[in-house]
Amino acid sequence: LLPWPKIDFAKFGPVERKELGRIKKISGANLHRNWVLIPHVTNHDDADITELEAFRVQFNKENDKSGIKVTMLAFMIRAAVAALRKFPEFNASIDGEQLVLKNYFHIGFAADTPNGLMVPVIRDADQKGIVQISQEMAELAKKARDGKLAPAEMSGAGFSISSLGGIGGRYFTPIINAPEVAIMGVCKSRLEPQWDGKQFVPRLMLPLSLSWDHRVIDGAAAARFNLYFASLLADMRRIMM
Ligand code: CAO
């Protein structure tokens, strides 16, 4: 590789210098290694979350007084667990010439903090309901923002989800959090016309961006994973099947 360009920017106009924060330095080095060493591919798809969002809003209204609030991300964590059960190579890590398949379901989620990106982990997400996952996520995200996450709370994930849904955007290409082999990126849902066989109807569509490690996963499996994940969000009853 060519050396990094060394430029005296002050020649072109006024500049100021700022030290990169500790978290940025750590996450930057990790992201760089993952980007360079993992052959990434990203598949995009959409999930119809019209009914699920209506249910979520209704549930939160019913539980308003008790302070319970469930988030779309919590449903996605449960959908990820079901998809990982169906496609175990997405819950795996490369170890030399072996693939380590995990029989546990710890799911990381990207949290935006003033100091930079952190990825707290919901442990044993398969054994938790949507309310509990939402509560744990809120606690972990707060700890992340306050700089109080313990290393154990950021380790052990088998798969991660990065949601920009609360902010915006359509699709992006998330970087896999090594030694995981896949990550689901989601953006902001919006009402879009969908053909129901007779006419266009307004449906709430959630953009999905699944990045996967091509050493472990192939494109057909990734397309099937996205389809299955989207089908679960379209009708969460499928999770019980
Ligand atoms: N589509 C539309 N609206 C969405 C949405 C989606 N996919 N996801 C969330 N929203 C809405 C929610 O409805 C919520 O509104 P209500 O108060 O009415 O419920 C609002 O956005 C705020 O959501 P939130 O972002 O605070 O909560 P969350 O559970 O979706 O996410 C967390 C929590 C911690 C993941 C988020 O705060 C965060 O940090 N996101 C950034 C992650 C990130 O940086 N990823 C990039 C990594 S690569 O650099």
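Described below are features of the structure shown in this document. The model shown is predicted, which means the values in this text are computed figures rather than measured ones. (Residues numbered from 1 in each chain as written. Predicted model: local features only at pLDDT ≥ 70, side-chain atom pairs only at ≥ 80, totals over all residues. Heavy atoms only, no water.)

Describing the pattern of salt bridges
So, step 1. Applying the stated rule across the entire model yields 12 salt bridges.
So, step 2. A salt bridge links Lys 142 to Asp 146, with the nearest nitrogen and oxygen atoms 2.6 Å apart.
So, step 3. On the accessibility criterion, Asp 146 (39% relative accessible area) is partly exposed.
So, step 4. With a closest N to O distance of 2.8 Å, Asp 235 and Arg 237 form a salt bridge.
So, step 5. When its relative accessible area of 57% is taken as the criterion, Arg 237 is described as exposed.
So, step 6. Shared partners join several salt bridges into a network, and the residues in it are Asp 48, Glu 51 and Arg 203. (Salt bridge = Lys/Arg side-chain N within 4 Å of Asp/Glu carboxyl O. Buried < 20%, exposed > 50% of the residue type's maximum accessible area, 1.4 Å probe, protein only.)

Focus: the site of the ligand
So, step 1. Taken together, 19 residues lie near the ligand, and Lys 69, Asp 112, Ser 162, Cys 187 and Ser 189 sit nearest.
So, step 2. Between an oxygen atom of the ligand and a main-chain N or O atom of Asp 112, the distance comes to 2.8 Å.
So, step 3. Between the ligand and Ser 189 there is a distance of 2.8 Å, counted from a nitrogen atom to a backbone nitrogen or oxygen.
So, step 4. Among the elements of the structure, strand 5 (111–113), helix 4 (130–145) and strand 8 (159–163) are those that each provide at least two residues to the shell around the ligand.
So, step 5. Looking at the shell around the ligand, its residues break down into 8 nonpolar, 6 polar and 5 charged. (Near = heavy atom within 4 Å. Polar contact = N/O pair within 3.5 Å; in protein donor to acceptor, adjacent residues only side chain to side chain. Helix = DSSP H or I, 4+ residues; strand = E, 2+ residues; numbered from the N terminus. Nonpolar A, V, L, I, M, F, W, Y, C, P; charged D, E, K, R; others polar.)

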